[in-house]
Amino acid sequence: MASSYRRILVTGGSGFIGSNFVRLQLGQYPDVAITNLDALTYAGNPDNLADLAGDSRYTFVKGDIADRPFVTKLIADGGFDAVVHFAAESHVDRSIDDATPFLRTNVIGTQNLLDAARAAKVPRFVHVSTDEVYGTLGPKDPAFTEETPLTPNSPYSASKAGSDLLVRAAFHTHDMDVVTTRCSNNYGPYQFPEKLIPLFITNALADVPVPVYGDGMQVRDWIHVMDHCRGVDAALRNGKAGEVYNFGGRSER
């Protein structure tokens, strides 16, 4: 299948969702070339894509999206057709302990990418966000929609909401071709084991107790990571500039 976006910069491509997206692109579009920009923090694992080291269509670049001169030069020199932005600090508990890295990466890093992509006239920018920017639902509340007001409840989700608003501003102020996606909880291969499902599985295999928040009655929706990645791909290729697209698994538990 031919691709209209042949040179794609993926930020955070060594992380859980980003690495699955890289595999989807290279597997589905023979003419696509991916540059993976990742800082390789605790959640970015080079082993996730180690088998692609010999693929001429795949390039890894280690770097920090909060480093403005670096990002500006990379995008200026890259000739990219699209930026797909996964890179983020994303763990709620860590954001409660210290919000500063979340503001640096999620807010400043996103603005750096937007500015560099605009200066280089990159045709499309896809910003991968989270349904946590909508806050929480009560037991009888209807599902979130793209029109649900942003009411984040943690430093992490507040930083993601901030980045979403910067992307929105880039569309309205600079007429950038940007699309935002928001997804519910993911599960699947290469997920960092601090997340709920792999944590529960690894603890159970080791006969270690599993941690439960509160009374365990919180409801979460779950979607397989490859279904999410197919949604991001659809937003990249068919999304309308300035729009937000929600993805859910309709699998509340």
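In case you missed it, the structure is sitting above this.
Keep in mind that this is a model prediction, so the values were computed, not measured.

(A) Just the pairing of strand E5 (residues 124-130), in detail. Summarising burial for E5: seven of the seven residues are buried, a large majority. Of the two faces of E5, the one holding Arg124, Val126, Val128 and Thr130 and the one holding Phe125, His127 and Ser129 are both buried throughout. In this structure, strand E4 (residues 82-85) lies alongside E5, joined through four bridges in parallel fashion. Note on E5: the bridge partner recorded for Val83 is Phe125. After leaving E5, the chain enters helix H5 (residues 155-174) and then returns to the sheet as strand E6 (residues 178-183), a path that is right-handed.

(B) Inspection of the packing of aromatic side chains at higher detail. The full count for this structure, using the stated rule, is three aromatic pairs. Their ring planes at 50° and their centres at 5.2 Å tell us that Phe21 and Phe86 sit as a pair that is tilted. A residue pair is termed long-range when its members are at least 10 positions apart, and Phe21 in helix H1 (residues 16-28) and Phe86 in the loop between E4 and helix H3 (92-97) qualify at 65 residues. Across the pair, Phe86 and Phe21 agree in class, each one buried.

(C) Region of interest: the sheet that holds E4. Read from one edge to the other, the open sheet built from seven strands follows the order E3-E2-E1-E4-E5-E6-E9, with strand pairing classed as parallel. For this open sheet the edge positions go to strand E3 (58-62) and strand E9 (244-247), each flanked by a neighbour on one side alone. Ignoring strand direction, the axes of neighbouring strands in this sheet form an average angle of 20°. Of the strand pairs in this sheet, strand E2 (residues 33-38) and E3 are connected by five bridges, and their pairing is parallel. Bridge assignment links Leu37 to a residue of E3, and that residue is Val61. Here helix H4 (residues 100-119) sits on the sheet in contact with strand E1 (7-11), E4, E5 and E6, set at roughly 165° to E5.

(D) Representation of the packing of helix H2 (residues 68-78) against H4. Close contact between H2 and H4 brings their axes to 9 Å; oriented N to C, the two are set at 35°. The handedness of the crossing between H2 and H4 is right-handed. Of the residues in H4, those in contact with Arg68, Val71, Thr72 and Ile75 of H2 are Asn112, Leu113, Asp115, Ala116 and Ala117. Across the contact of H2 with H4, the residue classes break down as five nonpolar, two polar and two charged.

(E) Structural view of the side chain of Asn20. When you line up the elements, Asn20 lands in helix H1. The contacts of Asn20, once residues within four sequence positions are left out, are Pro189, Tyr190, Val225, Met226 and Cys229.

The rules we used
- Residues numbered from 1 in each chain as written.
- Predicted model: local features only at pLDDT ≥ 70, side-chain atom pairs only at ≥ 80, totals over all residues.
- Heavy atoms only, no water.
- Buried < 20%, exposed > 50% of the residue type's maximum accessible area, 1.4 Å probe, protein only.
- Helix = DSSP H or I, 4+ residues; strand = E, 2+ residues; numbered from the N terminus.
- Pairing = 2+ DSSP bridges.
- Right-handed = clockwise from strand over helix to strand, strands pointing away.
- Phe/Tyr/Trp six-rings, centres within 6.5 Å; stacked < 30°, edge-to-face > 60°.
- Axes fitted to C-alpha atoms, helices over the stretch in contact; angles between N-to-C directions.
- Contact = heavy atoms within 4.5 Å.
- Left-handed = near helix turned anticlockwise from the far one by under 90°.
- Nonpolar A, V, L, I, M, F, W, Y, C, P; charged D, E, K, R; others polar.

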